[in-house]
Amino acid sequence: MIIDMLLLSGNKEKVVVVPIVGIGGLGKTTVAQLIYNDNKIQSHFDCTHWVCVSETFDPKVMVKNVLESITQQKVEDLALNTLKDLLHKHIKNKRLLLVLDDVWNEDTEKWVRFINIFSSGAAEGSRIVVTTRLRIVAKMTATEMIVPHELQGLSELESWSLFEKMAFKGGVAPGPRYIEIGKEVTRKCCGVPLAIRTMGGLLSFKDTESEWEAIREKQLLSLYFSGQDSEILAATLRLSYDNLPSQLKRCFAYCSLFPKDHRIDVKMLVQVWMAQGYIIKSGQFLLLEDVGVEHFKNLLWRSFFQEVTKDRYGNMKYCKMHDLMHDLAVTVAGMDTICLNAINLTDSLLSSGVVNLERIRHLSIDFENKWETRVWKIPTLLAKATRLRTFMIINVAVGGVKLEGRCEIFLNMTRLRVFGLGDAKMEVFSITFNKLKHLRYLDLSKNGVEILPNEITRMVNLQTLNLCLCEHLRLLPADLGKLYNLVFFYLDDCSSLTYLPAGICNLSFLRELSLFILTEAAAKNSRLAGLGELKSLNNLSGKLTIKGLELVKDKSEAAAANLKEKSQLQHLELWWSDDSNNMVARRCDHERSVLEALQPHPNLKELQLCYYGGTSVPTASCWFSSLMNLVRIELYCCGKLQSLPSLDPFVSLEELVLYNLESLAYVQGETVSSLPFSSLSSSNKDLQFLPSLKSLKITDCPNLIGWSLANMEESPLLPWVSTLEIESCPKMVTIPHFLINFKKVELMDVSSELLSVFGASLISPSLPPAHPRFHELCLQYVNDLPQGLMPQLTSLERLNIWFCSNLTTLSPSILRHLPSLKELHILSCEVLELEDYDYGDGNKGNDENDSVPPRFLPSLRCLVVQSVPKLVTLPNWLQFSSNLQQLDIDWCDNLKCLPSWLKKLTALESLGVFRCDILSRRCTSNTAEDWPIISHIPNIQVDSRHVQKEGCYLEMEEEEEEAEQEQEHEEEASSHTHISRYFTLASLVAVIPFL
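Residues numbered from 1 in each chain as written. Predicted model: local features only at pLDDT ≥ 70, side-chain atom pairs only at ≥ 80, totals over all residues. Heavy atoms only, no water.

Novice: Could you give an account of the overall build of the chain, with specific residues and numbers?
Specialist: Counting its secondary structure elements, the chain contains 25 helices and 43 strands. Taken across its 995 residues, the chain has 54% of its residues classed as buried. Restricting the contact set of the chain to residue pairs at least 6 apart, pairs at least 24 apart contribute 67%. (Helix = DSSP H or I, 4+ residues; strand = E, 2+ residues; numbered from the N terminus. Buried < 20%, exposed > 50% of the residue type's maximum accessible area, 1.4 Å probe, protein only. Contact = heavy atoms within 4.5 Å.)

Encoded structure:
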């Protein structure tokens with residue numbers, strides 16, 4: 001029903017808002033996720049984005065959050081007008097779906113301001129799904145004539161089905177009495193999925209009938225005092241918590257240190273649990289972190305966590321907590337575990353008595369990713385928090401935060417177990433670490449420190465030391481080997497570090513060591529680490545990068561690393577010197593023998609070889625082909641590498657990256673054992689080559705001729721590749737076959753022959769998903785667009801033609817093959833001419849009264865032409881693209897005027913003219929020469945001036961006044977937000993929560 005509403009056209013509103021309303025735990029977010037991931041939704045909308053809103057609803061913050069969802073990057077805290085322009089740039093004329101999850105805002109003015117900003121940039125047919133617990137919010141946000149979808153609870157049958165899956169192993173009850181009790185418990189959950197999952201998860205850990213009876217009695221007692229559905233749900237969740245083992249109770253309550261909707265790093269969470277002593281070894285597990293992971297899985301099964309994401313190796317990476325679970329965590333944690341807002345955390349607040357500093361055990365400071373808090377003055381009254389076991393800063397904005405004030409106050413926190421100062425931008429440590437003797441978790445990542453003081457080695461209880469992205473770090477403590485209890489040691493991207501001190505071998509509990517550096521002086525200096533330090537560290541897991549391998553003298557030295565015994569290692573990077581002069585002098589046979597001795601365990605998931613100087617890698621007679629579990633291979637700047645072993649064994653491989661392999665002629669010089677494409681039939685489609693490969697990237701391989709020695713008919717089929725990048729491979733003329741199911745293809749600085757071959761290599765899928773999908777093709781530095789390229793691109797949606805300085809024509813005969821094309825971007829093509837459609841008899845069809853030829857680019861919505869000096873007039877075929885909504889012309893000085901037929905394009909919503917001297921003058925006002933041609937376009941921008949906005953012509957004074965009003969709104973909203981945050985914080989902390 002909701003999907004039909006989203007796909008339905010004909011609503012008079014440009015952007016339609018569909019709210020989903022219901023009590024907490026009913027499954028609003030789950031329903032929204034199912035809608036979001038539906039195949040029909042994904043194919044209907046140009047892009048889909050998700051934003052978690054929660055309690056803070058400020059138009060500026062909302063625009064920033066939507067931008068971050070679109071770009072998948074942190075966005076600086078810019079002025080609202082700037083953020084709005086950036087948003088419009090990304091969503092302009094795109095039909096998109098935006099999900100706003102968990103909206104609480106009842107302020108109509110704030111909602112209207114946000115929806116106006118969004119609607120003015122999005123294309124017609126865009127949709128917003130809002131999830132909320134409040135009917136008043138659903139009514140306020142719903143578009144006229146749209147009835148909010150009020151989510152109902154599960155039916156009795158659906159409830160029982162969900163409970164069975166959670167409570168009974170294999171879905172089978174041990175006996176009839178369990179079914180009787182289970183059905184009674186399920187009925188009391190009132191069809192609320194969160195309550196059913198929670199109770200089912202709780203009972204799945206109870207084995208006897210008497211334990212089930214006891215849980216049922218407790219449930220009935222707690223529900224006796226509950227009235228509304230929300231109270232019943234809260235009581236159910238509390239009952240589930242009350243029945244947790246004591247160690248899990250502490251682990252869960254600790255999570256109240258993270259704000260609502262926070263994306264929690266699972267590995268970090270386990271590490272801080274370890275640091276607090278919440279994890280105790282059991283006989284089944286030898287390592288604390290393994291016990292911690294089981295604790296997390298236990299809580300996850302009981303629904304205390306949700307929305308778990310995994311990395312490419314299948315490890316749990318991030319999770320979230322349901323808002324109701326977060327409320328429960330805050331309640332059970334009490335007043336000794338608090339998350340405070342950085343903006344409002346001042347000495348005046350602390351002196352007010354709202355926060356009892358002498359009682360607090362665990363404190364986190366939330367910077368909410370706000371740029372205005374890039375400098376934070378440490379409140380002096382924090383010195384009173386002498387009983388702290390946790391202090392950490394979280395959600396720091398891009399660029400970090402500089403701590404001002406007396407860092408010495410941390411010296412009073414002698415009971416600290418967890419100290420998180422990531423992104424604190426500290427250059428010199430003024431903290432005396434020897435007083436923090438209980439410290440077990442220390443995060444100093446993204447700091448500017450150059451020397452880590454040796455006194456840090458006195459913290460003998462330290463388990464986790466995170467120094468990632470300390471780009472200026474040069475020296476580690478000489479006595480690092482004295483940190484006998486160290487388990488996790490992170491040095492990723494410490495680019496200034498040139499060696500490691502000896503003694504790493506003493507860290508027998510070490511599970512993760514992200515970087516190991518060899519230095520030439522190690523042979524003469526016993527205080528510097530050599531590869532032999534790794535020999536006994538066989539519990540290493542995660543990622544290991546070894547640098548300086550050109551310094552290894554012989555095979556025996558390399559073998560001392562004993563990599564083949566490290567069965568839990570998942571990601572291995574092997575680096576030789578990037579000095580090109582040094583590489584010439586290095587012996588190929590020596591480097592090959594070193595690589596042979598660095599044999600990893602077959603369990604390895606990812607392998608990167610960087611600046612390797614051998615002509616080949618170990619073949620089937622050695623170890624390369626034994627790594628059948630690899631999901632990613634990257635060969636980077638291996639200038640002498642002439643051949644690769646057969647890739648046939650790598651059935652799990654998902655990504656293959658070949659970068660700057662100057663001597664490589666064929667990716668597969670050997671015969672491919674898989675069946676060639678020409679011999680494949682419907683009965684043996686499962687025999688494809690590299691059946692799991694999703695991403696193929698080949699860059700800067702100047703002598704690469706093709707995929708294999710076989711001709712094109714015998715090339716293999718790569719059925720699931722969705723991302724393809726081939727760049728600067730001018731001699732390449734053969735590639736495998738592909739099914740047309742691409743997200744993005746980039747072909748840069750390749751031959752015309754390869755472009756034709758690429759077109760011929762594309763196969764329409766005959767198996768689900770049967771509909772071919774080709775989202776984006778980017779062509780850069782190509783000299784020609786051969787006729788053989790386009791016929792197979794009928795499903796292409798976006799075409800970029802960039803920096804093609806020798807490309808002379810773009811003809812209608814090429815473009816006519818692109819009926820699905822929605823966006824065409826042409827950039828920096830100095831000699832390119834956009835040819836007209838030819839009616840015959842010399843008629844170019846430039847008269848607005850000319851008859852319309854067959855439909856041409858019927859799906860085109862956006863055309864951007866930038867820096868094309870030979871563009872003298874817009875091509876006449878554009879007048880037949882009746883769905884065109886956006887036209888941007890930039891730096892095309894020879895385009896003197898616009899054609900009269902532009903008036904035909906009634907769907908055109910936006911016109912931008914930039915850096916076009918004469919044309920800009922003809923469009924800059926309602927008295928300019930081309931105004932009669934463009935006046936029907938609702939939004940017109942000429943250089944920096946908005947001439948027309950939402951169909952209203954703007955005089956110069958009106959435009960300036962509008963900008964000033966936006967600035968005033970922004971300042972007022974910012975002020976109200978800070979005030980409301982303070983009172984919310986004060987009220988929440990002052991009241992002791994209860995259930």
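Still more to cover.
Novice: Please provide a residue-by-residue account of helix H5 (residues 80-91), values included.
Specialist: Helix length check: H5, at twelve residues, gives a terminal C-alpha distance of 16 Å against a target of 16 Å (1.5 Å per residue), a fit within 8%. For H5, every residue scored as buried is listed here: Leu80, Leu83, Lys84, Leu87, His88 and Ile91. Seen along its axis, H5 keeps its buried residues to an arc of 135°; they face one direction. Note on H5: the residue one or two positions beyond its end, Asn93, has a positive phi of about 60°. (Expected span 1.5 Å × (residues − 1). Arc of directions from axis to C-beta.)

Novice: Got a sec to walk through helix H15 (residues 288-301)? Specific residues and values, please.
Specialist: Helical geometry note: an α-helix holds 3.6 residues per turn, so side chains three or four residues apart project in the same direction. Over its 14 residues, H15 extends 20 Å from the first C-alpha to the last, a length consistent with the 20 Å expected when each residue adds 1.5 Å. Among all positions of H15, only Leu288, Glu289, Val291, Gly292, His295, Phe296, Asn298 and Leu299 are buried. The elements touched by buried residues of H15 are helix H13 (246-254), helix H14 (266-276), strand S7 (306-310), strand S8 (316-320) and strand S17 (488-490). Positive backbone phi, at 75°, marks Ser303, one or two positions downstream of H15.

Novice: Can you explain the pairing of S7? Please cite residues and give values.
Specialist: With three bridges connecting them, S7 and S8 associate as antiparallel partners. Looking at S8, one finds that Thr309 is bridged to Tyr318. The antiparallel hairpin formed by S7 and S8 contains five residues in its connecting segment, where Gly314 sits at a positive phi of about 95°. (Pairing = 2+ DSSP bridges.)

Novice: Tell me about the packing of aromatic side chains, and name the residues and values.
Specialist: The tally for this structure, following the rule as stated, stands at 34 aromatic pairs. In this structure an aromatic cluster arises from ring pairing among Trp160, Phe163, Phe168, Tyr178 and Trp212. Against the face of Tyr318 rests Arg263, its NZ or CZ located 3.8 Å from the ring centre. Its guanidinium or amino end placed over the ring of Phe205, Arg302 lies 3.8 Å from that ring's centre, counting from NZ or CZ. (Phe/Tyr/Trp six-rings, centres within 6.5 Å; stacked < 30°, edge-to-face > 60°. Lys NZ or Arg CZ within 6 Å of the ring centre and 35° of its normal.)

Novice: Help me get a handle on the pattern of salt bridges, residues and values and all.
Specialist: Here the structure, examined in full by the defined rule, presents 38 salt bridges. Ionic pairing is found between Asp290 and Arg511, a salt bridge with its closest N-O pair at 3.7 Å. Taken together, the positions of Asp290 in helix H15 and Arg511 in the loop between S17 and strand S18 (512-513) put the pair 221 residues apart, joining distant regions of the chain. A single salt-bridge network, built from bridges that share partners, covers Arg312, Glu606, Arg632, Glu634, Glu655 and Lys697. (Salt bridge = Lys/Arg side-chain N within 4 Å of Asp/Glu carboxyl O.)

Novice: How would you explain the nonpolar core if you had to name every residue and give the values?
Specialist: In terms of nonpolar packing, the biggest core is built from 192 residues, with Phe391 and Leu467 touching the most fellow members. The residues touching Leu467, leaving out its near neighbours within four places in the chain, are Leu444, Ser445, Leu452, Leu473, Leu476, Phe489, Tyr490, Leu491, Asp492 and Cys494. Ranked by size, the runner-up nonpolar core spans 62 residues in total, among them Leu151, Leu203, Leu328 and Tyr490. (Core = buried A, V, L, I, M, F, W, Y, C linked by side-chain atoms within 4.5 Å.)

Novice: So what's going on with unusual backbone geometry? Which residues, and what values?
Specialist: Notably, Lys446 is not glycine yet its phi reads approximately 60°, a positive angle. Topologically, Lys446 is positioned in the loop between strand S15 (441-443) and strand S16 (464-466). Given the relative accessible area of 35%, Lys446 is considered partly exposed. The residue Leu690 is not glycine, and still its phi comes out positive at about 45°. The residue Leu690 is located in the loop between strand S25 (666-668) and strand S26 (695-699) in this model. Relative accessible area serves as the criterion here: at 2%, Leu690 is assigned to the buried category.

Novice: Which residues make up the sheet that holds S15, and what values do they have?
Specialist: Read from one edge to the other, the open sheet built from eight strands follows the order S9-S10-S12-S14-S15-S16-S17-S18, with strand pairing classed as parallel. Every other strand in the sheet has two partners, leaving strand S9 (337-341) and S18 as the edge strands with one partner each. Inspection of the sheet shows S9 paired to strand S10 (residues 362-366) by five bridges, in the parallel sense. Looking at S10, one finds that Thr337 is bridged to His362.

Novice: Give me the lowdown on the side chain of His326, citing residues and values where you can.
Specialist: Position of His326 among the secondary structure elements: in helix H16 (residues 323-333). Beyond its immediate sequence surroundings of up to four residues, His326 is in contact with Ser256, Phe258, Pro259, Lys260 and Met321.

Novice: For the sheet that holds strand S6 (residues 264-265), give the residues involved together with the corresponding values.
Specialist: The antiparallel open sheet is built from three strands, whose spatial order is S6-S8-S7. Two strands close off the open sheet at either side, each with one partner strand: S6 and S7.

Novice: Hey, could you go over the side chain of Thr464 for me, with residue numbers and the actual values?
Specialist: On the secondary structure map, Thr464 appears in strand S16. A relative accessible area of 1% places Thr464 in the buried class.

Novice: How would you explain the packing of helix H8 (residues 156-167) against helix H9 (residues 176-187) if you had to name every residue and give the values?
Specialist: Relative orientation of the contacting elements H8 and H9 amounts to 120°, with a least axis distance of 10 Å. Overall, the two elements H8 and H9 adopt an arrangement that is oblique. Regarding H8 and H9, the two cross each other, and that crossing is right-handed. Every residue of H9 that contacts H8 at Glu156, Ser159, Trp160 and Phe163 is listed here: Ile179, Gly182, Lys183, Val185, Thr186 and Arg187. (Axes fitted to C-alpha atoms, helices over the stretch in contact; angles between N-to-C directions. Parallel < 35°, antiparallel > 145°, perpendicular 65-115°, else oblique. Left-handed = near helix turned anticlockwise from the far one by under 90°.)

Novice: Requested: an account of the packing of H8 against helix H10 (residues 193-203), with residues and values cited.
Specialist: For the pair H8 and H10, interaxial distance at closest approach is 7 Å and the crossing angle is 35°. Crossing angle aside, the handedness with which H8 passes H10 is right-handed. Together, Ser159, Leu162, Phe163, Met166 and Ala167 of H8 and Pro193, Ile196, Arg197, Met199, Gly200, Gly201 and Leu203 of H10 make up the contact between the two elements. Looking at side-chain class alone, the contact of H8 with H10 contains eight nonpolar, three polar and one charged residues. (Nonpolar A, V, L, I, M, F, W, Y, C, P; charged D, E, K, R; others polar.)

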